[in-house]
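# Per-entry structural report
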Amino acid sequence: MPVTAKFSEEFYAKLGHNVADKVDAAYRLEVRDLIDARLAQFELKLDQRMTELRGELTQQRVELAKQKAELIKWMFGFWAPTAVGVIALLLK
């Protein structure tokens, strides 16, 4: 949405439309520069937070892999003796 300054007729009478247009162009440029600066800051913070989140997700994946390996060890530890017992009963 374009930003247009509305000046009084007295302003136009003293300075003319050319000056008003230059002031409007300068104002737009200043606003655009401010928005660009804020956008750059936002993008920098967003990149930093995304990097942090990626690190945290990687850490969680490592922890989940460790837990999975631990669970597999425990499962084998419980199932192996059970299987040996079942086989022994079947061979009698």
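Residues numbered from 1 in each chain as written. Predicted model: local features only at pLDDT ≥ 70, side-chain atom pairs only at ≥ 80, totals over all residues. Heavy atoms only, no water.

### Re a nonpolar patch on the surface
A cluster of nonpolar residues, L39, F42, L46 and M50, forms a patch on the protein surface that exposes about 360 Å² of accessible area. Within the secondary structure layout, L39 lies in helix α1 (residues 9–91). Residue L39 is classed as partly exposed on the basis of its relative accessible area, which comes to 42%. (Patch = residues over 30% accessible without salt bridge, like charges linked within 9 Å, V, L, I, M, F, W, Y side chains within 5 Å. Areas by Shrake-Rupley, 256 points an atom, 1.4 Å probe, with all protein chains shown as cover. Salt bridge = Lys/Arg side-chain N within 4 Å of Asp/Glu carboxyl O. Helix = DSSP H or I, 4+ residues; strand = E, 2+ residues; numbered from the N terminus. Buried < 20%, exposed > 50% of the residue type's maximum accessible area, 1.4 Å probe, protein only.)

### Things to note about the pattern of salt bridges
Under the defined criterion, the tally for this structure stands at one salt bridge. Here K73 and E70 are joined by a salt bridge, their closest N and O atoms 3.6 Å apart. Of this pair, K73 and E70 both sit in helix α1, three residues apart, which is roughly one turn of that helix. On the accessibility criterion, K73 (55% relative accessible area) is exposed.

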